[in-house]
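Letter by letter, the chains look like this.
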Amino acid sequence: MGYQTPRGTQDLLQDDTRKWLAVESLIRSVCSVYGYDEVRTPIFESTPVFKRENDSSDMVNKEMYTFSINGEDSLTLRPEGTAGIIRSFVEHKMYGRLEMPAKIYYMGEMFRYERPQKGRYRQFNQFGIENIGAKSPIVDAETIALGYSILKALGLSQVKVLINTLGDDESRNNYRTALKEHFKDCIGELCSDCQRRYEQNPLRILDCKVDHEHPSLVSAPSLQDYLNDESREYFNEVLAALDALEIPYEIDDRLVRGLDYYTHTVFEVVSTHPESGSQATVFAGGRYDNLVQYFGGPEMSGVGFAMGMERLMILCEAEGIKFDEDEGIDCYIMSLGNVKNVPLQVATSLRAAGYVTEMDVLKRGLKAQFKSVDRKKAKIAVIVGESELANHQVNIKNIATQEQITVNIDEVVDVVDKWLMSESLEG
Ligand code: ATP
Ligand code: MG
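Residues numbered from 1 in each chain as written. Chains lettered and ligands numbered in written order. Predicted model: local features only at pLDDT ≥ 70, side-chain atom pairs only at ≥ 80, totals over all residues. Heavy atoms only, no water.

1. Looking at the overall build of the chain
Stage number 1. Regarding its fold elements, the chain presents 15 helices and 16 strands.
Stage number 2. Taken against the 2.2 N^0.38 rule, which gives 22 Å for 427 residues, the C-alpha radius of gyration of the chain at 28 Å runs more than 25% over that of a compact globule.
Stage number 3. Projected onto its principal axes, the C-alpha positions of the chain cover 95 × 55 × 45 Å.
Stage number 4. A fraction of 69% describes how many contacts in the chain between residues 6 or more apart in sequence connect residues 24 or more apart.
Stage number 5. Working note: accessible area of the chain is about 21500 Å², and carbon and sulfur atoms make up 49% of it.
Stage number 6. Across the chain, the 47 positively charged side chains and the 67 negatively charged ones have centroids separated by 6 Å. (Helix = DSSP H or I, 4+ residues; strand = E, 2+ residues; numbered from the N terminus. Rg over C-alpha atoms; globule rule 2.2 N^0.38 Å. Contact = heavy atoms within 4.5 Å. Areas by Shrake-Rupley, 256 points an atom, 1.4 Å probe, with all protein chains shown as cover. Lys, Arg positive; Asp, Glu negative; His and termini not counted. Charge placed at Lys NZ, Arg CZ, Asp CG, Glu CD.)

The following block contains the structure:
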């Protein structure tokens, strides 16, 4: 048996990366019009960056790739982007150097030890943004709008925004007490994860994928009833801003999100396409109030989301989004006889001029080389022949018009300029 990709990982092949690059470049351009700059952090961090005390999430408790080599401090492959970005924000004192809010995006591989399924992998990619230093409902809405506009720009239509508020610390503490009371008598009937959550963070019980239909979850009190005025007002302003942008949403009072650091707004944007199944969340996030301080920075609030790139690509596929087809190359250099390094020289000068150029390197017959011109959809063929070369000349053929001329080697780039220019003017 040969070698294979490890469980929960995949190769992106040529046709995949072409699509990924198109999507990534669209994402980057949306980030740029929103004024976000990219930050690249290491793929591993010291473990406490992710494993914060009292964290009750599955991600931190069961899904991290943690290792230590030669007795050095424990390291963890990043399971998410936010913690590393905030670590970097504080380490580089961005709060003192940059105009606030800081607007950062990231893109890259994340690692979680999960049970692999369609849309759920052990190595996967996230694109995410963090807006740090402005506690404003407008910014929460703007954050959702950025992610939403990426989906719209791709042409995805079967998506909806689910939104909820966890309120401020006071509201959440009151709610936590109410939940503990509510689950007190039946916690034994719930799964072992829920029993751990009951102690660590009872809110997370509402996020349980095992027990979500258990009567005690269905009848659990709603956080909406425990919000103080300030938290309610904050949430209403987020919703009003979404209304103003005509972004449709549904309030989901069971939405608590997987990570522990959220306060106020939390949201998930899900696909309603039948094929997306239980891995329907494309991007998700919320506001966090304590994270910058946790890493040793000043008291500062942030908001962000992370988008699952593989899930995004699956949705594009399901909704039949078309990406640019392979458009073919500009020039193909053919060789006839002993022409030494000339084809390589010609190809290099065409490439330097920006033309996508290929050449025969297999010393094949003329017929086989013309087949390559065809297959590669070359617009121009340059034929370097031993006899023409004696006069410092080559043949050059415009495939569309079938025009063929003999030119001095130094004129090849000019002819290609002329032919492809007139083609692009007509096209
Ligand atoms: P889920 O409930 O599906 O496990 P999560 O709450 O763990 O999601 P987040 O930590 O919020 O997910 O990550 C943000 C996004 O990253 C998800 O909405 C999803 O699109 C994507 N994502 C998360 N885990 C994976 C994974 N294992 N494989 C592929 N994409 C993932
Ligand atoms: Mg998860």
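2. Quick look at unusual backbone geometry
Stage number 1. A cis amide bond links Met100 with the next residue in sequence, Pro101, at an omega value of 0°.
Stage number 2. As for its placement among the helices and strands, Pro101 is situated in the loop between α4 (94-97) and β5 (102-111).
Stage number 3. One non-glycine residue, His264, lies in the positive phi region at around 55°.
Stage number 4. With respect to the element layout, His264 can be found in strand β9 (residues 262-271).
Stage number 5. A residue is classified by how much of its surface remains accessible, and His264, at 4% relative accessible area, is buried. (Buried < 20%, exposed > 50% of the residue type's maximum accessible area, 1.4 Å probe, protein only.)

3. Re the nonpolar core
Stage number 1. In terms of nonpolar packing, the biggest core is built from 51 residues, with Ile86, Phe89, Ile132, Phe183 and Ile205 touching the most fellow members.
Stage number 2. The element best represented in this core is helix α3 (residues 82-91), accounting for five residues.
Stage number 3. In this structure Ile86 touches Ile132, Tyr288, Leu291, Val292 and Phe295, once residues within four positions along its chain are discounted.
Stage number 4. Residues Ile27, Tyr36, Ile247 and Leu315 belong to the second largest nonpolar core, which totals 42 residues. (Core = buried A, V, L, I, M, F, W, Y, C linked by side-chain atoms within 4.5 Å.)

4. Side note on the packing of aromatic side chains
Stage number 1. Taken as a whole and assessed by the stated rule, the structure comprises nine aromatic pairs.
Stage number 2. Relative to Phe305, the ring of Phe283 has its centre 4.6 Å away and its plane inclined at 45°; by these criteria the two rings are tilted. Linking Phe283 in strand β10 (residues 281-288) with Phe305 in strand β11 (residues 302-308), this pair joins segments that are 22 residues apart in sequence. Per residue, the accessibility class of Phe283 equals that of Phe305, and both read buried.
Stage number 3. Members of the aromatic cluster, connected to one another through ring pairs, are Tyr105, Phe127, Phe267, Phe283 and Phe305.
Stage number 4. Positioned above the aromatic ring of Tyr294, the side-chain terminus of Arg52 is 5.8 Å from the ring centre. (Phe/Tyr/Trp six-rings, centres within 6.5 Å; stacked < 30°, edge-to-face > 60°. Lys NZ or Arg CZ within 6 Å of the ring centre and 35° of its normal.)

5. Description of the pattern of salt bridges
Stage number 1. Inspection of the entire model under this criterion finds 18 salt bridges.
Stage number 2. We note a salt bridge from Asp360 to Arg364, for which the minimum N-O separation is 2.8 Å.
Stage number 3. With relative accessibility at 6%, the residue Asp360 sits in the buried group.
Stage number 4. Residue classification places Arg364 among the partly exposed positions, given a relative accessible area of 25%. (Salt bridge = Lys/Arg side-chain N within 4 Å of Asp/Glu carboxyl O.)

6. Some thoughts on the domain arrangement of the chain
Interface extent is often summarised as the accessible area lost during association of the parts.
Stage number 1. Per the domain assignment, the segments of the chain are domain 1 (14-168 + 228-318) and domain 2 (331-420).
Stage number 2. With centres defined by C-alpha atoms, the gap from domain 1 to domain 2 works out at 49 Å. (Domains from an automatic or database assignment.)

7. Some details on the sheet that holds strand β13 (residues 357-359)
The pairing of strands in a sheet comes from backbone hydrogen bonds and takes either a parallel or an antiparallel form.
Stage number 1. The five strands are arranged β13-β12-β14-β15-β16 in an open sheet whose pairing can be described as mixed. Bordering the open sheet on either side are β13 and β16 (404-408), each of which pairs with just one other strand. Each neighbouring strand pair of the sheet contributes to a mean axis angle of 25°, computed without reference to strand direction.
Stage number 2. As defined by bridge partners, strand β12 (residues 331-336) adjoins β13 across three bridges and the pair is classed as parallel. (Pairing = 2+ DSSP bridges. Axes fitted to C-alpha atoms, helices over the stretch in contact; angles between N-to-C directions.)

8. A look at the pairing of β11
Stage number 1. With respect to burial, β11 is a largely interior element, seven of its seven residues being buried.
Stage number 2. Where strand β6 (residues 123-132) and β11 come together, seven bridges link them in antiparallel fashion. Note that in β11 the partner of Gly128 across the bridge is Ala306.

9. Observations regarding the sheet that holds strand β2 (residues 44-46)
Stage number 1. Ordered by their spatial adjacency, three strands build an open sheet running β2-β4-β3, and the pairing between neighbours is antiparallel. Of all strands in the sheet, those with a lone pairing partner are β2 and β3 (66-67), marking the two edges.
Stage number 2. Inspection of the sheet shows β3 paired to strand β4 (residues 75-77) by two bridges, in the antiparallel sense. For Phe67, the partnering residue across the bridge sits in β4 and is Leu75.

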